[in-house]
Amino acid sequence: MTERTTDILIIGAGPAGLAAALYASRSLVKPIVLERVSVGGLVLSTEWIDNYPGFPDGIAAPELMERMRQQAERFGAEFVSDEALTLDRTETGFRVTTAGDVVYQAGSVIITTGAMPRVLPVKEESKYRGRGISYCATCDAAFFKGKPVAVVGDGGSAVEEALVLARGCSKVTVVHPLDSLQAEPILVEQLRSLPNVELVSGAAPAAVEGEGKVERLRLRLAAGGERTLEVSAVFVAMEFVPTGDLLKGLVEVDAQGYVVAPESTETGIPGLYAAGDVRRKSLRQIVTAVADGAVAAQKAGTYVRTRKRKVSDTPEN
Ligand SMILES: Cc1cc2nc3c(=O)[nH]c(=O)nc-3n(C[C@H](O)[C@H](O)[C@H](O)COP(=O)(O)OP(=O)(O)OC[C@H]3O[C@@H](n4cnc5c(N)ncnc54)[C@H](O)[C@@H]3O)c2cc1C
C-alpha cells in the first residue's frame, strides 16, 4: 500500500472535477484528481457540444474535455487513473483509499463524481444488455443503421440520443412515461420535425423480447392496455442516479441521493465539497458543473490555507 499526501484531492474528472483542478492549481494548491474511467466524464457519452459558451460552431465532446484537461495540467494539476473506494474524516482532514491500493491523506476533498443513467426497469435487462439494450447512442448507433429502434426516457438525454439515432436508423420511437419531454424546446421541436421519429407518451417499458437479441419492446400504456414495438435495439436514456456512494452516512443527501449542498458547494463538513451533477440542483449541464467546480476549488483553497495558518500560529509550532 502506498501513502500520498495532498492539500486538495478531487474525486472524479468530469467537467466539475476538471474545472476544480484548474482553479485549485491556479491558486497554487497542487491538486490530485482521481478518475476511475476516463478523464472527461459523462460528456464523453455524447458526440458534439453545441451549448457550451465560447464555441459558436460547437465543439466535439472529447476535444472540449481534452482541452479542459490540458488547461488544468498546464497549471500543475495531477491526474491519476484510480477509483476512490472509501472516504473518512481524520484529525488533519480526510483519508481516501483507492482500488489501486493507495491511501491519500488530504487537507480537503472535492467530490465531483457525477451521476449515472438509471437502468431499464425490466427483468430481462441484464440478459439483453449489449445484445440490443444500450446506454449510449453515440457508441452503438452504427450497429443499428437502417433498423427500427426505441429510446426510453423523457429528459434532454433521451432527445439527444433520439436525434443521433434518427440520422441512421429507419425509425426511432421515443417512449416517455410523462406527458411531455422535459428537454430544451428547440431540441424537442427538431426531433418532432423528423419524418422517421415517433413520440409515444404515457408509456412505460414492460418487457423486452427476442431470440438472443432484442426484437421487441412491450409497453404498458398509462391510458390502459399494451403496445408492442418491433425494434432491434432499446436505447436507455432515463433519469440519473447520483454517484455519491462515497459520501453515504457522511453528508445529507435528498430522496434521490443527490448531495444537499448550496451553491457554495459546502457539504456541512468543513473541507468537504460536492460539485457538479452529484449535487442537488435544477440544471445538470457542463456549464453548471464547471461553475460548481470553480466555486468548490476556491472554497477548498481558502480552507486549506486558513487551516495551515492556524496550525503554524499555535504556540507549540
Ligand atoms: C448523452 C448525454 C449528452 C449530454 N449532452 C450535453 C450537452 O450537450 N451539453 C451539456 O452542457 N451537458 C450535456 N450533458 C450533461 C453533462 O454531461 C453533465 O452535466 C456533466 O458531465 C456533469 O459533469 P460532472 O463533472 O458533474 O460529472 P460527470 O461528467 O458525470 O463526471 C464524473 C466523473 O467521476 C468519475 N467517478 C465517479 N465515481 C468515482 C470514484 N469513486 N473514483 C474516481 N472517479 C469517479 C466518473 O467516472 C466520471 O468520469 C449530457 C449528458 C449525457 C448523458
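Calculation notes
- Residues numbered from 1 in each chain as written.
- Predicted model: local features only at pLDDT ≥ 70, side-chain atom pairs only at ≥ 80, totals over all residues.
- Heavy atoms only, no water.
- Axes fitted to C-alpha atoms, helices over the stretch in contact; angles between N-to-C directions.
- Helix = DSSP H or I, 4+ residues; strand = E, 2+ residues; numbered from the N terminus.
- Parallel < 35°, antiparallel > 145°, perpendicular 65-115°, else oblique.
- Left-handed = near helix turned anticlockwise from the far one by under 90°.
- Contact = heavy atoms within 4.5 Å.
- Near = heavy atom within 4 Å.
- Polar contact = N/O pair within 3.5 Å; in protein donor to acceptor, adjacent residues only side chain to side chain.
- Nonpolar A, V, L, I, M, F, W, Y, C, P; charged D, E, K, R; others polar.
- Domains from an automatic or database assignment.
- Pairing = 2+ DSSP bridges.
- Buried area = accessible area lost by both parts, 1.4 Å probe.
- Salt bridge = Lys/Arg side-chain N within 4 Å of Asp/Glu carboxyl O.

## Topic: the packing of helix 1 (residues 15-26) against helix 2 (residues 61-74)
Two quantities define a packed helix pair, namely the angle between the helix axes and the distance between the axes. Between helix 1 and helix 2, the least distance of the axes is 8 Å, while the angle of their chain directions is 25°. With respect to helix 2, the element helix 1 is oriented roughly parallel. Crossing hand, helix 1 versus helix 2: left-handed. Packed against helix 1, whose contacting residues are Pro-15, Leu-18, Ala-21, Leu-22 and Ser-25, the element helix 2 presents Met-65, Met-68, Arg-69, Gln-71 and Ala-72 at the interface.

## Regarding the site of the ligand
In the neighbourhood of the ligand, 37 residues make up the surrounding shell, with Glu-35, Leu-42, Asn-51, Asp-277 and Ile-286 lying closest. The separation between an oxygen atom of the ligand and a polar side-chain atom of Glu-35 is 2.7 Å. Top contributing element to the shell around the ligand by residue count: helix 5 (residues 156-166), with three residues. Of the residues that constitute the shell around the ligand, the class distribution is 15 nonpolar, 14 polar and eight charged. Each of two domains, domain 1 (2-116 + 240-313) and domain 2 (119-236), supplies a minimum of three residues to the shell around the ligand.

## With respect to the sheet that holds strand 16 (residues 226-230)
The three strands lie next to each other as 14-15-16, forming an open sheet whose pairing is antiparallel. Two strands bound the open sheet, and with one partner strand each, they are strand 14 (203-209) and strand 16. The average angle at which neighbouring strand axes cross in this sheet is 25°, direction not considered. One ladder, built from six bridges, connects strand 14 with strand 15 (residues 216-221); its direction is antiparallel. Opposite Val-208, over in strand 15, you have Leu-217 as the bridge partner.

## Observations concerning the domain arrangement of the chain
The figure often quoted for interface size is the accessible area lost as the parts come together. The domains assigned to the chain are domain 1 (2-116 + 240-313) and domain 2 (119-236). With five residues of domain 1 at the interface, the matching set in domain 2 holds seven residues. In total, domain 1 and domain 2 occlude about 440 Å² of area from one another, counting both sides; carbon and sulfur atoms represent 39% of this. Of all residues in domain 1, the largest losses of buried area upon contact with domain 2 belong to Ser-45, Thr-46 and Glu-47, amounting jointly to 72% of the total for that side. Inspection of the domain 1/domain 2 interface yields zero salt bridges. Where domain 1 meets domain 2, there are zero residue pairs in polar contact (both at pLDDT 80 or more). Taken together, the residues of the side of domain 1 that touches domain 2 break down into one nonpolar, three polar and one charged.

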